[in-house]
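# Examination of the molecular architecture
Here's the letter readout for the chains.
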Amino acid sequence: MYLDNNGEVDGVFAAARDITDLRQAEKALSEAITPVMKVWDGILMMPLVGTVDSRRAQVVMETMLTNIMKNRIKVAILDVMGVPIVDSAVAGYLMKVIKATRLMGCKSIISGISPAVAQTMVNLGLELGDATSTTSLADALELAFDLLNLEMITK
Amino acid sequence: MEENFDSTRVTMTMVRGCLVVPIQVELYDATMLKLQDDILEEVKEKMVKGVIIDLSAVNIIDLFLAQKIKEIISMVALMGAETILTGFKPEVAASLVDLDFDFEDIQMAIDQDDAFLKLDSMPQVLMETEDKDS
């Protein structure tokens, strides 16, 4: 704002930048670091790596829900082995995802709960509601197959 | 402009002995109450044991609508039938979670196929096809 001799507003100079490209790049990056993988018919897996803030949690939620709808997913496995800290905020985001997937008729399994994370969560009084959780991805997968009434047979 | 609530009546169908209610119109207060009456009437008339409320055409849900659906499900349960909600769109599911609305024990399915699969596994829901065998 330009002020004249009397201290009154003389004019305003404003500048705007087109940040469309920046936003698009951000979006592409977000989607790249939150990949969703179809593990089997009706089972999807999403590995979370790195810190999870509210913006990331939003992308995770949208990506998962859209995928669940598109591929008629019955079981969604969210792997948190790569998330260094699971505090009350992160647990809150996980709860939201679990609830939203349930609304779409899909069961959630949280895998990759390390001993440290398990301790932190209990010490903070955090729960995951009626979602199941496991340490290993293999256990989560076995559980998913079971939920879909599928059995593994050795040849 | 004449307001004719009958023209916004939801068309319900009977499939395998279950009442399928596709919500495809905008639901105002009066339409909601009419829907409630219609569903309960059908449950009574056709002695329905299972109801599927399909929300796949619903783009926006507010707390009022969500609460009304929950109430309808409770009323249907009192009349001895099981309800399954299907077709929640991702955006709708996300906003309901943001609104912190809890559907508690109500069952959900991704689509009508899945809903029928779930109803099949419930012994108390009798499907018409079973009667034909006996």
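Attention here is on the structure that accompanies the text.

Before going further, it helps to examine the overall build of chain B. In terms of regular secondary structure, chain B is built from five helices and five strands. When the helices and strands of chain B are read in sequence order from the N terminus, they spell out β-β-α-β-α-β-α-β-α-α. Per-residue burial for chain B yields a buried fraction of 32% across its 134 residues. Long-range pairs, those at least 24 residues apart, make up 76% of the contacts in chain B with a sequence separation of at least 6.

Here we take up the pairing of strand E3 (residues 50-54) of chain B. Residues and elements named next belong to chain B. Within E3, five of the five residues are buried, which leaves the element mostly enclosed by the surrounding structure. Burial of the side chains of E3 extends over both faces: Gly50, Ile52 and Asp54 are buried on one face and Val51 and Ile53 on the other. By the bridge criterion, five bridges tie strand E2 (residues 18-22) to E3 in an arrangement that is parallel. Within E3, the residue paired with cysteine 18 across the bridge is glycine 50. For E3 and strand E4 (residues 82-86), the ladder comprises five bridges, and the chain directions are parallel.

Before going further, it helps to spend a moment on the sheet that holds E4(B). Residue and element names in this part refer to chain B. One open sheet holds the five strands; their spatial order is E1-E2-E3-E4-E5, and the pairing between them is mixed. Bordering the open sheet on either side are strand E1 (13-15) and strand E5 (107-109), each of which pairs with just one other strand. Averaged over all pairs of adjacent strands, the angle between their axes in this sheet comes to 30°, without regard to strand direction. Taken together, the three bridges between E1 and E2 define a ladder with antiparallel strand orientation. Note that in E2 the partner of methionine 14 across the bridge is leucine 19.

Below, the discussion takes up the interface of chain B and chain A. The interface of chain B with chain A comprises 13 residues on the first partner and 14 residues on the second. Among the secondary structure elements, those contributing two or more residues to the side of chain B that touches chain A are helix H3 (90-98) and E5 of chain B. Residue contributions to the side of chain B that touches chain A peak at five residues, all from H3(B). Its residues assigned to classes, the side of chain B that touches chain A comprises 10 nonpolar, one polar and two charged.

For helix H3 (residues 88-103) of chain A, with 16 residues, the first-to-last C-alpha span of 23 Å sits near the 22 Å given by 1.5 Å per residue. Those residues of H3(A) that sit buried are Val90(A), Ala91(A), Leu94(A), Val97(A), Ile98(A), Lys99(A), Ala100(A), Thr101(A), Arg102(A) and Leu103(A). Where the residues of H3(A) are buried, they touch helix H2 (54-71), strand E5 (75-82), strand E6 (107-111) and helix H4 (115-123) of chain A together with H3 and E5 of chain B. Gly105(A), located one to two residues past H3(A), shows a positive phi value of around 75°.

All names here are of chain A. Extensive coverage of E6 is indicated by the burial of five of its five residues. Burial along E6 is two-sided: the residues Lys107, Ile109 and Ser111 and Ser108 and Ile110 are all buried. The pairing of E5 with E6 spans five bridges and is classified as parallel. Looking across to E6, one finds that alanine 76 is bridged to serine 108. Note on the crossover from E5 through H3 to E6: the handedness is right-handed.

About the criteria used
- Residues numbered from 1 in each chain as written.
- Chains lettered and ligands numbered in written order.
- Predicted model: local features only at pLDDT ≥ 70, side-chain atom pairs only at ≥ 80, totals over all residues.
- Helix = DSSP H or I, 4+ residues; strand = E, 2+ residues; numbered from the N terminus.
- Buried ≥ 20, exposed ≤ 12 C-beta atoms within 10 Å, placed from the backbone.
- Contact = placed C-beta atoms within 7 Å.
- Pairing = 2+ DSSP bridges.
- Axes fitted to C-alpha atoms, helices over the stretch in contact; angles between N-to-C directions.
- Nonpolar A, V, L, I, M, F, W, Y, C, P; charged D, E, K, R; others polar.
- Expected span 1.5 Å × (residues − 1).
- Right-handed = clockwise from strand over helix to strand, strands pointing away.

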